[in-house]
Each structure stands twice: as structure tokens, then as C-alpha cells.
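Read off the chains here:
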Amino acid sequence: MKYLIVFFNCILIHSQESDSLLVWQKNVPLEFNHYKMMVKDSTQYEYSALSRLSINVEFEIDNDKVNYSVNTVFHKLKSFIILKDSVVLKHEQLHFDITELYVRKFREQLERLVVNQNIKIQMNQIHVAINEALDNTQKVYDEQTNHSINIDAQNYWENYIK
């Protein structure tokens, strides 16, 4: 029995970078030119930057084996940066890195999955738990760093995540 299960907004990514997407890579940091969303009225936004990130997952279950691809993706066309400041960019980079950390946790849990009649339920439970933990961590990061304004907290988080 072979079937495909797709979670989230799954996107088949054939290269590590395109005009609209950037897949997380250790030695490829975010740059100002990755932010392609045009902002006409910057006063309508509470923050000086927004990085649209997602975890893209593709699963294939073939008899008793789970084949999967899980990636952290930055959406260039849905991300903007108003204040082109290196501190803000570093803050956004860490959001990207935090998402990658949770993608790695997701992969670890997938490695432990045993294919059985409950596999869809198990994968959904992992999906929900990872997304809740990721959202919570991102919120705490923004609160503690005050969206990059608190430099000491920002430095703490950079050391903590790396």
C-alpha cells in the first residue's frame, strides 16, 4: 500500500532558493534583498520587519516505511523590512533559526514513528505539538527581546539558539 500525505502549505522545492522562497541553510543568512513584499504605508505596521516563515512537509508512506522531507522556508514575497538595520535583520534571522530548530525536532520525532493504522493520527499530533511549541518560543523571543530593542536579551537568545 502506497499513499501520499501532505501537511501544511506543502511546496515542492527543487532548489534551495527561488524568486519567492529561501530554504534555511546554515551558511546562507537572510539579507535585505530577500525581503520583497512592498509596503506602501509603513505606519500601518506595528513592527519594522515581518518574516513569513513556514515548515513545509511532504510525506510518503510505503508499507512500513515513512519517507519525508521537512524544510524551513522563508517566503520572500510575503516578508518585508522597513528599517534596513543590521540589528533588525539579525533579529529576523534568529526567527528563521528558531523555526529550523523546531524542524529538526520534527524530524527527530518522525524518525521514531512506527507505521501502523494510527500513522495519520500520530503525524497530526506531532504537527500540532511542534507548531504550538514553535509559536510559543517565537512569542517569548519577541517579548524578551522587545523585537530586537533589548540588546542584552537579543545577545542571550543568539547564544542560546546557536
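Up top is the structure.
All figures in this text were calculated on a predicted structure; none of them were measured in a lab.

### Side note on the side chain of T145
Thinking step 1. With respect to the element layout, T145 can be found in helix α2 (residues 119-145).
Thinking step 2. By relative accessible area, T145 is classed as buried at 0%.
Thinking step 3. Look past the residues within four positions of T145 in its chain and what remains in contact with it is H91, N150, A153, Q154 and W157.

### Thoughts on the pairing of strand β4 (residues 53-62)
Each regular strand carries side chains that alternate between the two faces of the sheet.
Thinking step 1. The pairing of β4 with strand β5 (residues 65-75) spans 10 bridges and is classified as antiparallel. Looking at β5, one finds that E58 is bridged to S69.
Thinking step 2. Counted along the chain from β4 to the antiparallel partner β5, the turn is 2 residues long, and its residue N63 has a positive phi close to 55°.

### Quick word on the packing of aromatic side chains
Thinking step 1. Applying the stated criterion to the full structure yields 7 aromatic pairs.
Thinking step 2. Centroid distance F74 to F96: 5.9 Å. Interplanar angle 55°. Geometry classified as tilted. Of this pair, F74 sits in strand β5 while F96 sits in helix α1 (residues 86-111), and the two are 22 residues apart along the sequence.
Thinking step 3. With 5.7 Å between their ring centres and 80° between their planes, W157 and Y160 make a pair best called edge-to-face. You can see W157 and its partner Y160 sitting in helix α3 (residues 151-161), 3 residues apart, about one turn around the helix.
Thinking step 4. For W157, a relative accessible area of 5% gives the class buried.
Thinking step 5. By the ring-pair criterion, three or more aromatic residues cluster together here, those being Y141, Y156, W157 and Y160.

### Some thoughts on unusual backbone geometry
With the exception of glycine, most residues fall at negative phi, and the peptide bonds are largely trans.
Thinking step 1. Positive phi outside glycine occurs at N146, with the angle close to 50°.
Thinking step 2. Judged by relative accessible area, which is 38%, N146 ranks as partly exposed.
Thinking step 3. With a phi angle near 95°, S148 is a residue other than glycine that sits in the positive phi range.
Thinking step 4. On the secondary structure map, S148 appears in the loop between α2 and α3.

### Concerning the nonpolar core
Thinking step 1. Residues I55, F59, I98, F106 and L110 are the most contacted members of the largest nonpolar core, which totals 21 residues.
Thinking step 2. The set of elements that each furnish at least two residues to this core consists of β4, β5, α1, α2 and α3.
Thinking step 3. Grouped together as the second largest cluster of nonpolar side chains are 10 residues, W24, L30, V88 and F96 included.

### Comments concerning the pattern of salt bridges
Thinking step 1. In total, this model carries 4 salt bridges according to the counting rule given.
Thinking step 2. We note a salt bridge from K90 to E158, for which the minimum N-O separation is 3.4 Å. Highlighted residues: K90 in helix α1 and E158 in helix α3, separated in sequence by 68 residues.
Thinking step 3. Under the relative-accessibility criterion, E158 is labelled buried at 17%.
Thinking step 4. A salt bridge links R107 to E100; the shortest N-O distance between them is 3.6 Å.
Thinking step 5. The buried category is assigned to E100, whose relative accessible area is 6%.
Thinking step 6. One continuous salt-bridge network, built from bridges that share partners, spans E100, R104 and R107.

Procedures and definitions
- Residues numbered from 1 in each chain as written.
- Predicted model: local features only at pLDDT ≥ 70, side-chain atom pairs only at ≥ 80, totals over all residues.
- Heavy atoms only, no water.
- Helix = DSSP H or I, 4+ residues; strand = E, 2+ residues; numbered from the N terminus.
- Buried < 20%, exposed > 50% of the residue type's maximum accessible area, 1.4 Å probe, protein only.
- Contact = heavy atoms within 4.5 Å.
- Pairing = 2+ DSSP bridges.
- Phe/Tyr/Trp six-rings, centres within 6.5 Å; stacked < 30°, edge-to-face > 60°.
- Core = buried A, V, L, I, M, F, W, Y, C linked by side-chain atoms within 4.5 Å.
- Salt bridge = Lys/Arg side-chain N within 4 Å of Asp/Glu carboxyl O.

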